[in-house]
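Given next are the chains, with one letter for each unit.
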Amino acid sequence: MIKHFLDIKDINIDELKTILSHASELKSERINKPKGSKDVNQLLKNFVVALIFEKPSTRTRFSFDVGVRQMGGETISVSQSEIHFGKNENIADTARVLSRYVDLVILRTFDQKVLFEFAEYSSVPVINGLTNQSHPCQVLADILTYEECRGSIEGKKVTWAGDGNNVCNSYLQAAVKFGFSFCFFGPEKYRPEPKLVTEMENSGGDIFLTTDPNVAFRQAHLVVTDTWLSMHEADNTDKIKTFQMFQVNSEKMNIAHRDTIVLHCLPAHRGYEITDAVIDGNSSKVFDAAENRLHVQKAIMNWVLNS
Ligand code: CP
Ligand code: NVA
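Residues numbered from 1 in each chain as written. Chains lettered and ligands numbered in written order. Predicted model: local features only at pLDDT ≥ 70, side-chain atom pairs only at ≥ 80, totals over all residues. Heavy atoms only, no water.

K.L.:
I keep staring at the sheet that holds strand β5 (residues 157–161) and nothing clicks. Help me out?
P.N.:
For sheets, the rule is that strands pair by backbone hydrogen bonds, running either parallel or antiparallel. Strand order in this open sheet of five strands is β7-β6-β5-β8-β9, and the pairing throughout is parallel. What marks the edges here is a single partner per strand, and that holds for β7 (207–210) and β9 (261–264). Between one strand and the next, the sheet's axes are offset by a mean angle of 20°, whatever the strand orientation. As paired strands, β5 and strand β6 (residues 181–185) are joined by five bridges and run parallel to one another. Note that in β6 the partner of Trp 160 across the bridge is Phe 184. This element, helix α6 (residues 166–178), spans β5, β6, β7, β8 (222–225) and β9 of the sheet and lies at about 155° to β6. (Pairing = 2+ DSSP bridges. Helix = DSSP H or I, 4+ residues; strand = E, 2+ residues; numbered from the N terminus. Axes fitted to C-alpha atoms, helices over the stretch in contact; angles between N-to-C directions. Contact = heavy atoms within 4.5 Å.)

K.L.:
Even after reading the chapter, I still don't get the nonpolar core, so can you show me in this structure?
P.N.:
For soluble globular proteins, nonpolar side chains are generally found buried alongside one another. Within the largest apolar cluster, 55 residues are counted, with the highest numbers of intra-cluster contacts made by Phe 5, Ile 127, Leu 140, Tyr 171, Phe 180 and Phe 182. Of the residues forming this core, the biggest block, eight residues, is contributed by helix α12 (residues 286–306). In contact with Phe 180, not counting residues within four places along its chain, are Ile 143, Ile 153, Gly 155, Lys 156, Val 158, Tyr 171, Ala 174, Ala 175 and Asp 206. Grouped together as the second largest cluster of nonpolar side chains are 18 residues, Ile 52, Val 102, Leu 115 and Ala 119 included. (Core = buried A, V, L, I, M, F, W, Y, C linked by side-chain atoms within 4.5 Å. Buried < 20%, exposed > 50% of the residue type's maximum accessible area, 1.4 Å probe, protein only.)

K.L.:
Is there a simple way to explain the sheet that holds strand β3 (residues 104–108) in this structure?
P.N.:
Across the sheet, four strands lie side by side as β2-β1-β3-β4; this open sheet has parallel pairing. Pairing within the sheet leaves two strands with one partner each, and these edge strands are β2 (74–79) and β4 (126–128). The mean angle between the axes of side-by-side strands here comes to 20°, regardless of whether they run parallel or antiparallel. Note: strand β1 (residues 48–53) against β2, six bridges, orientation parallel. Of the residues in β2, the one forming a bridge with Ala 50 is Ile 76.

K.L.:
Help me out: how do you make sense of the packing of helix α2 (residues 59–70) against α12 in this one?
P.N.:
In helix packing, the relevant descriptors are the interaxial angle and the interaxial distance, both defined with respect to the helix axes. For the pair α2 and α12, the least separation of the axes is 9 Å and the interaxial angle reads 50°. Overall, the two elements α2 and α12 adopt an arrangement that is oblique. The handedness of the crossing between α2 and α12 is right-handed. Note on element contacts: α12 touches α2 through Ala 290, Arg 293, Leu 294, Gln 297, Lys 298 and Met 301, opposite Arg 59, Thr 60, Ser 63, Phe 64, Val 66, Gly 67, Val 68 and Gln 70. (Parallel < 35°, antiparallel > 145°, perpendicular 65-115°, else oblique. Left-handed = near helix turned anticlockwise from the far one by under 90°.)

K.L.:
Before we go on, may I ask you to explain the site of ligand 1 in this structure?
P.N.:
The immediate surroundings of ligand 1 are formed by Ser 57, Thr 58, Arg 59, Thr 60, Arg 108, His 135, Gln 138, Cys 265, Leu 266 and Arg 293. The separation between a nitrogen atom of ligand 1 and a polar main-chain atom of Cys 265 is 2.9 Å. The separation between an oxygen atom of ligand 1 and a polar side-chain atom of Arg 293 is 3.0 Å. Within the complex, the protein chains bury 97% of what would otherwise be the 250 Å² of accessible surface of ligand 1. Placement of ligand 1 is best described as lying within the second largest pocket. Of the residues assigned to the shell around ligand 1, the class counts are two nonpolar, five polar and three charged. (Near = heavy atom within 4 Å. Polar contact = N/O pair within 3.5 Å; in protein donor to acceptor, adjacent residues only side chain to side chain. Areas by Shrake-Rupley, 256 points an atom, 1.4 Å probe, with all protein chains shown as cover. 1 Å grid on protein atoms, 1.4 Å probe; cavity = no way out; pocket = protein on both sides within 12 Å on 5 of 7 lines; lining within 4 Å. Sits in = over half its atoms within 2 Å of the grid points. Nonpolar A, V, L, I, M, F, W, Y, C, P; charged D, E, K, R; others polar.)

K.L.:
Could you clarify how one ought to interpret the layout of surface pockets in this entry?
P.N.:
Rolled over the atoms, a probe as big as a water molecule pinpoints where empty space is left. In this structure, the largest pocket encloses a volume near 580 Å³. Along the wall of the largest pocket there are 24 residues; nearest its centre are Asn 132, Gln 133, Asn 169, Glu 193 and Leu 196. For the lining of the largest pocket, the secondary-structure elements that each account for two or more residues are α4 (112–121), α6 and α7 (194–202). In the lining of the largest pocket, the residues fall into three nonpolar, ten polar and eleven charged. Taken as a whole, the second largest pocket spans an internal volume of roughly 330 Å³. Contributing elements (two or more residues each) for the lining of the second largest pocket: α2 and α6. Split by residue class, the lining of the second largest pocket holds eight nonpolar, ten polar and five charged. (Points joined across faces, edges and corners; volume = space filled by probe spheres on them.)

K.L.:
Explain the packing of aromatic side chains here, please?
P.N.:
Under the defined criterion, the tally for this structure stands at ten aromatic pairs. Ring geometry for Tyr 171 and Phe 180: centres 6.4 Å apart, planes at 70°, overall edge-to-face. The two residues Tyr 171 and Phe 180 agree in class, both being buried. Between Phe 185 and Phe 246 the ring centres are 4.8 Å apart and the planes differ by 65°, which places this aromatic pair in the edge-to-face class. You can see Phe 185 sitting in strand β6 and its partner Phe 246 sitting in the loop between α9 (237–242) and α10 (250–253), a full 61 residues away along the chain. Assessed through its relative accessible area of 0%, Phe 185 is described here as buried. Judged by relative accessible area, Phe 246 falls into the buried class, the value being 3%. Ring pairing ties together the aromatic residues Trp 160, Tyr 171, Phe 180 and Phe 182, which thus form one cluster. Its guanidinium or amino end placed over the ring of Phe 110, Lys 55 lies 5.0 Å from that ring's centre, counting from NZ or CZ. (Phe/Tyr/Trp six-rings, centres within 6.5 Å; stacked < 30°, edge-to-face > 60°. Lys NZ or Arg CZ within 6 Å of the ring centre and 35° of its normal.)

As structure tokens, this is what we get:
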């Protein structure tokens, strides 16, 4: 059976933990090595990987591309305008054809339905490189980062400050799998989809929604934020205004633990969802998480192709 990596909720916790522990091993093997040198075990040797990006990307695109090279594989990277993708050729036919050329597809697209349709017709594994509804690679990298610094995330309180967006949705799914409590601190209008919240609660998730910073930040072990306006959304000044009181700043961080960690998937809009003082402060592990995208995604690629 083909293994895809599409959504955290579809993957068994033991497998998620295996991916994380393999990511740590892969990371430790890279210490003091030039970024372009090959890993000792070239786990993707003779594999060719397609990177299809329908939206801009810095981290996801570079980290997958470099990861494949370190693992001994080859990449072909294209943007939306360079291939017939759902415009001149339907998604199913594109998936069928690309499966004849490559061993793995990394796809960043708009609607999650496109990702699912592509995976349905692909005869090679597909990895979700972000959709409007989810960003599972980011959340696994965040969990690796938290656990490197503070140990197991199980039983901890994770506070999401901001928009109920794609990254937030993947956190909700991860809360159930990894057993952490999840507090959403954002405007009522921009809460995550009630359907997903209910589904996660019914699966045992400890989920709390609040607009009170004291409730949100008190006893938080991990604070996470993200842009107030995602890539797939049009400019919306009214939406941005709604979020002003949900900014992650020093005042709110003072409510949290002294050893609370702050993460942001990046790109960050400094002075909006997060202040310079917080993102550049001691609590921030934002750039460690960005690095961990590389190691986690290498472990994910190995998981879909070799396990
Ligand atoms: N965090 C993240 O996925 O960044 P990019 O959009 O740069 O890939
Ligand atoms: N929510 C953001 C994440 C970027 C990595 C977006 O979709 O633009």
